[in-house]
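Notes for the structure review
One-letter residues, chain by chain:
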Amino acid sequence: MALIVIVLLALSVLGFPPCCAGECEWDVRLCKTEPVSTGMCSLRIGGMEVQDLEPMEMQKNMEFPYYLKLDLLCGFKESSGRVVLEDSMTGLTPKAVVTFQEPTHPTHFKPQRLEVELSVASLLDSATCGSEMCEFSWYAPMPIINGSVVQRVKVKSIEMGSQHLSEISFALNVNGYMDTTEKGETEASFGTEIRAIEDVLRVGSPSRPLWAVVDHAPVLLLPGISGLKAVLMTATEFQHTSLIEVSIKSSSVSSECLQVESSMIQETLSTESSLFVIHNQELYRFLGNYSLPLRVPPSDAWEKVLSAVCVSGLVPVSIPHHGREYFYVLGGGLQSGTLYRAEVYDGDVAFTELVDSFGFTACEFVTFDENLKRSTVNISSCQVRSAAQNTQTDITDIILVELLFHEDQERSYILLTFDGDFQMGEILPEFIIYSQRQRHQERSSLNLKFNGMTLNPSTGILYIWGNSLIFSYILTWEDGQSFWHDSGFPSDQMIKYFTLSYDGTFVFVTEQEELWWGQERTDSVFRLRPSQGWNELSHLQALSGDHSTLTVFYDGDKELQEVLYTVDFGGKGSVVKRKIPVVELLSFSHLPFLSTCPFDLEYSVPHIESFNRLQRYSVSPQLVTSSSELHTTSSLALYQGLVYHLLQLHAQYLMVIGDPTESPISRMCNGVLYKDLCLYLSYNNVSGVTTDSNGHITARLPDRVYLDRTASFSFSLFIRAHKLTLESIGERAVNDIRMFAMVPNSKYLRVTLQRYVKLNYGGVLYKVTVTDKGMVEGQGFPGEKLLPFSVLFRIGISPRQCFQQTDRGMVLSGLQNLPVYIGCPPGNRLVFDANTTLLEAIRLNRRNFSCMNPDPVTPCFYYKNLFFPFLLIQDVVLGESRKFLGSYTFKVVGGGPHSRKNIRLYSPEEVLRYNSLNYRWLCQPNSPCDDVLSKNPAVSPRFFFIIEVSNRDTETYCSHTFRFDILVHDFPMSSSRKCYIVLQSLDLHLWTAACSSTAAHRASGPHFTPSHVFT
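Residues numbered from 1 in each chain as written. Predicted model: local features only at pLDDT ≥ 70, side-chain atom pairs only at ≥ 80, totals over all residues. Heavy atoms only, no water.

A few words on the overall build of the protein chain. Each helix and strand counted, the protein chain has 15 helices and 66 strands in total. Counting only residues that meet the buried cut, the protein chain has 53% of its 1015 residues in that class. Partitioning the contacts of the protein chain with sequence separation of at least 6, the portion at a separation of at least 24 is 64%. With an accessible surface of roughly 46100 Å², the protein chain has 51% of that area assigned to carbon and sulfur atoms. (Helix = DSSP H or I, 4+ residues; strand = E, 2+ residues; numbered from the N terminus. Buried < 20%, exposed > 50% of the residue type's maximum accessible area, 1.4 Å probe, protein only. Contact = heavy atoms within 4.5 Å. Areas by Shrake-Rupley, 256 points an atom, 1.4 Å probe, with all protein chains shown as cover.)

As structure tokens, this is what we get:
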């Protein structure tokens, strides 16, 4: 009976219906409508295309180019409009939640975490249906924000019927490598699409790794297609896949490369803006056509980079660092032993060969050092196997070097660190410490051989893998290098590729295509395939015909996915993706290790939005008055425009001039243009920010926590023992409940646990506080230069892992990872409080001489009034503002008379010369604002100033520097011009000497505006 339950649970996770085909799941597709018309919706399943995302075109039409079409796939993944109708009548109400990934390069866009929840609009599928029971579909606008090319759409539902539909998410990214022809057909910009994939792909081909920058690469490439220069491309995490023959001009293999020419693409790597491929030991790059304002134009053809280097392989760095993406290039052939670091920034790529101050490469350095230690030269060869990047402070490269000796043909492995010069690490141990808890060291007879390294920067764990898997905590290397061995992996296997989820787990695939799984900061790994649980699932899976694995990877939700190539009984080939039910497989195959959890966990987390910094909007379509309550194409277009205006208001909310009481909607509601829109939003209860900052408590930990200097994050956890556990062992079950915390680096973080035993409630209450110690040096802009950590909480009555059944299926319990980012949290900003400044000017000067037609974007001030600026610290996530009372600098960095077209930025010398320590506007001779005359007699003379403000307080990690424009009007006439007019009027030569004397006395300097530190 237990076997049947486990298999059914696993099948539901995989999406395989047992037999009755009654189970349904959500499906989401992009729908482009030109214009919106029922039955004329063209589905786009390969991602959003760049030519549809032209900002000027969207602004002209006041709408986004795409809709989301929500559907139910039932039975054998077939759309069922009848099921949609039946379930909606029982109360099924879906919602689409769109999450935007902030860009890697925050040069042009401020880092922000944004989520928009959209209620769906029901629209008839057939305009000719005259019945009251017509089939319909659910639609919602697909919002887009500038700079974000990676989006996820999660579908959730309010269910009142009998059918349970699990939440599911989809990747709908921008594909910058597809173009639309004049005939309306789509084609790849870097190659030619092959429609009949069964003519190229073969069942039984070995799987290969999928390399990309995690959570930031919109398009993924999968190489390794034998006999053809082709790759598999997807912008939807393999929901839809295209086979593209790459248009690289073939060139003969260099004699230095020592390799037979091959037509296959050996390796690929995807970044946010570029694709990299290796063909015949040559590295090529293609820059996508994205709406990001990159410094480099998009590519027209593949560009060969590192043209003088024979490339044997790539080593990905999956996590970007400080707005830059990195990877390593391994030299091959006669250049074996060389290593290059690639840096991708703002669309451009730069390569740096890693050599020390003497010009030695890693292999030359190691060989020279080893020869000094030995009397004879017995090193046969040296090769750089892999590299990793430690970014906890400054960038330090960790390099794995393999040495082969003449005398016994044995291999030796050495770890080097590089920060401008190489530092020799310890030779990897010949023995293996199997457990931290063991006091003795057991020698292994295994001859270690390593293929690669993978580093998780948030945990500080470096994995070195080959015919064994060892790991080390690099943050403790100051006290010496120690290595531990993950037990359970057989010595007759060789790891082919290794993949981290960056959420606490990892998988790796061996040369024999075995799939293994493990958890970070534990010392055991488990085989998922082949296993008894996998065999049981294979007998019931819905895949027809032959199939084989192409790759395995973690998707944006950190779920393990398998990509397969299948050929049905008719010979038709297809690429499919399915979720691997890890917990179900483990619970079935490793029952001695895993068991049902003897406890329940109840989290209590206050003010979660204050720490995860996720800004949310919730939008509903307008009400319809028809008896069917179905929308029309016109009302759907109105809903589209509503969402467009909402995000337009959001973009204006991020401006540098703020108000203490503003929100994204209320900011523009005072204007005539948006008055009707704001009235409509208030009637429909559409809120700009849905965060409840007054004691809102959630029952889950946030997906991440941001901490400013010395800030703390607190939550409570009640661990309740099960009734059966209490009955079997009594109060000892409560006393045995423990919770432990592990911090990767205690220099930066402190975790305190307060334990309260609650015998009457059969459990233990823990109050947990995670605090920043204030040890990070320097400051950064909001959301930039963050230091990542992962705090591990171990929970349970025993140290063993256990599983629990939830609405999302089986989940592992007992270990909980909490990502913590130290630095300036995103969503904070320093802004100019124009309204308060104007009111203070009126109060101080007892007069109000404002401009005739004030511009809310450019505040206007009277020249003769005292000017005392007020600043605000705003939390755009919570919608809160407070006065900034710290120290700051205030200076003019540009300006121009009459209109904006005359504004220019000043040089550093001019900025230094023009600013003074005064509180009044002083436009003296030789300054840019001296003698400003109005071209219109009805308008007073005016001058635009560009002001730059920077904070100087050290109680925060935040460095706020921003610029804004102000307009100063009614400039007085210069003394020389006054004299000139008097001379023209009176024509008295007697005034000449007096005026010259006065002008010489006033020409003491060109100062005209304040530049001082206010405290």
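Still more to cover.
By the bridge criterion, 10 bridges tie strand β50 (residues 749–758) to strand β51 (residues 763–772) in an arrangement that is antiparallel. Considered in β51, the bridge of Gln754 is made with Lys767. Here β50 folds back onto β51, and the loop between the two strands holds 4 residues, one of which, Gly762, carries a positive phi near 65°. (Pairing = 2+ DSSP bridges.)

Next up on the list: a negative patch on the surface. A cluster of acidic side chains, namely Asp394, Asp419, Asp421 and Glu777, defines a negative patch on the protein surface. Considering the arrangement of structural elements, one finds Asp394 in the loop between β27 (379–390) and β28 (396–405). (Patch = residues over 30% accessible without salt bridge, like charges linked within 9 Å, V, L, I, M, F, W, Y side chains within 5 Å. Salt bridge = Lys/Arg side-chain N within 4 Å of Asp/Glu carboxyl O. Lys, Arg positive; Asp, Glu negative; His and termini not counted. Charge placed at Lys NZ, Arg CZ, Asp CG, Glu CD.)

In the structure shown here, the tally under the stated rule is 3 disulfides. Here Cys257 connects covalently by a disulfide to Cys310, the sulfurs 2.1 Å from one another. Around the S-S axis, the bridge from Cys257 to Cys310 shows a dihedral of about -90° and counts as left-handed. In this pair, Cys257 sits in the loop between β18 (242–246) and β19 (265–270) while Cys310 sits in the loop between β22 (303–305) and β23 (311–316), placing the two residues 53 residues apart along the sequence. There is no split in this pair, since Cys257 and Cys310 are both buried. (Disulfide = S-S within 2.5 Å.)

It is worth spelling out the sheet that holds β51 at this point. Taken in spatial order, the 5 strands make up an open sheet running β46-β43-β48-β51-β50, and their pairing is antiparallel. Two strands bound the open sheet, and with one partner strand each, they are β46 (697–698) and β50.

Close approach of charged atoms allows side chains with opposite charge to pair. One pass over the structure, following the stated rule, counts 30 salt bridges. Glu282 serves as the salt-bridge partner of Lys304, at 2.7 Å between the closest nitrogen and oxygen. Here the residue Lys304 occupies a position in strand β22, and Glu282 occupies one in strand β21 (residues 282–287), the gap between them amounting to 22 residues. What makes Glu282 buried here is its relative accessible area of 11%. Among the salt bridges present, the one from Arg285 reaches Glu303, with a minimum N-O distance of 4.0 Å. Of this pair, Arg285 sits in strand β21 while Glu303 sits in strand β22, placing them 18 residues apart in sequence.

Confidence in the prediction for the protein chain averages 79 pLDDT; 74% of positions are at 70 or higher. Scored below 50 in pLDDT, residues 433–441 makes 13 contacts in the model with residues more than four places away or belonging to other chains. (pLDDT = per-residue confidence, 0-100.)

Helix length check: helix α12 (residues 834–845), at 12 residues, gives a terminal C-alpha distance of 16 Å against a target of 16 Å (1.5 Å per residue), a fit within 8%. Turning to α12, its buried residues are Ala834, Thr837, Glu840, Ala841 and Asn845. Down the axis of α12, the smallest arc covering the buried residues is 125°, so these residues share one side. Turned more than 90 degrees away from the buried face of α12 sit Leu839 and Arg843, all of them exposed. (Expected span 1.5 Å × (residues − 1). Arc of directions from axis to C-beta.)

With an omega of -5°, the peptide bond running from Arg529 to Pro530 counts as cis. In this structure, Pro530 sits in the loop between β38 (525–529) and α5 (532–540). Positioned with a positive phi, Tyr502 is a non-glycine residue whose angle comes to about 55°. Among the secondary structure elements, Tyr502 is positioned in the loop between β35 (495–500) and β36 (505–510).

With that settled, consider the side chain of Asn745. Within the secondary structure, Asn745 is located in the loop between β49 (738–742) and β50. A distance of 3.0 Å separates a polar side-chain atom of Asn745 from the backbone nitrogen of Lys747. Excluding anything up to four places from it in sequence, Asn745 contacts Leu475 and Phe789. (Polar contact = N/O pair within 3.5 Å; in protein donor to acceptor, adjacent residues only side chain to side chain.)

This structure, assessed with the given rule, holds 41 aromatic pairs. Ring geometry for Phe611 against Phe713: centres 5.0 Å apart, planes inclined by 65°, an arrangement best described as edge-to-face. With Phe611 in helix α7 (residues 609–612) and Phe713 in strand β48 (residues 712–721), this residue pair connects regions lying 102 residues apart in the sequence. As far as the burial class goes, Phe611 and Phe713 line up, both buried. Aromatic side chains Tyr706 and Tyr821 sit 5.4 Å apart centroid to centroid with 25° between the ring planes, which places their arrangement in the stacked category. One end of the pair, Tyr706, is in strand β47 (residues 705–707); the other, Tyr821, is in strand β55 (residues 815–822), with 115 residues separating them in the sequence. (Phe/Tyr/Trp six-rings, centres within 6.5 Å; stacked < 30°, edge-to-face > 60°.)

So, on to the pairing of strand β4 (residues 67–74). With 8 of 8 residues buried, β4 lies mostly within the body of the structure. Where burial is concerned, the two faces of β4 agree: the one with Tyr67, Lys69, Asp71 and Leu73 and the one with Leu68, Leu70, Leu72 and Cys74 are both buried. The pairing of strand β1 (residues 24–32) with β4 spans 8 bridges and is antiparallel. Residue Cys24 lies in a different strand from β4, and its bridge partner there is Cys74.

Here we take up the environment of Trp534. Counting through the fold element by element, Trp534 comes out in helix α5. You can call Trp534 buried: its relative accessible area is 9%. Considering only alpha carbons, one finds Trp534 and Leu586, 52 residues apart in sequence, at a separation of 9.7 Å. Excluding residues within four positions of it along the chain, Trp534 makes contact with Leu528, Arg529, Glu562, Arg578, Ile580 and Leu585.

What follows is about the nonpolar core. Where a protein is soluble and globular, its nonpolar side chains tend to be buried together. Leu68, Leu72, Phe190 and Trp302 are the most contacted members of the largest nonpolar core, which totals 70 residues. A total of 7 residues in this core trace back to one element, the largest contributor, which is helix α8 (residues 633–653). In this view, Leu68 contacts Val28, Arg29, Leu30, Ala96, Val98, Trp138, Tyr139, Ala140, Pro141, Met142, Val153 and Leu172; residues no more than four positions away in its chain are not counted. Grouped together as the second largest cluster of nonpolar side chains are 35 residues, Ile719, Cys802, Leu818 and Val820 included. (Core = buried A, V, L, I, M, F, W, Y, C linked by side-chain atoms within 4.5 Å.)

With that settled, the discussion passes to the sheet that holds strand β24 (residues 325–331). Pairing is antiparallel across the open sheet formed by 4 strands, whose spatial order is β23-β24-β25-β26. Either end of the sheet is taken by a strand with one partner, and the two such strands are β23 and β26 (348–353). Ignoring which end each strand starts from, the neighbouring axes of this sheet average 25° apart. Bridge count for β24 against strand β25 (residues 339–345) is 6 bridges, and the pairing is antiparallel. Paired with Tyr326 across the two strands is Glu343, which belongs to β25. (Axes fitted to C-alpha atoms, helices over the stretch in contact; angles between N-to-C directions.)

Its location among the elements puts Met453 in strand β31 (residues 450–456). The buried category is assigned to Met453, whose relative accessible area is 5%. If near-sequence neighbours (up to four positions away) are discounted, Met453 is found in contact with Ser386, Ala387, Ala388, Ile398, Ile399, Leu400, Leu415, Leu462, Tyr463, Ile464 and Trp465.

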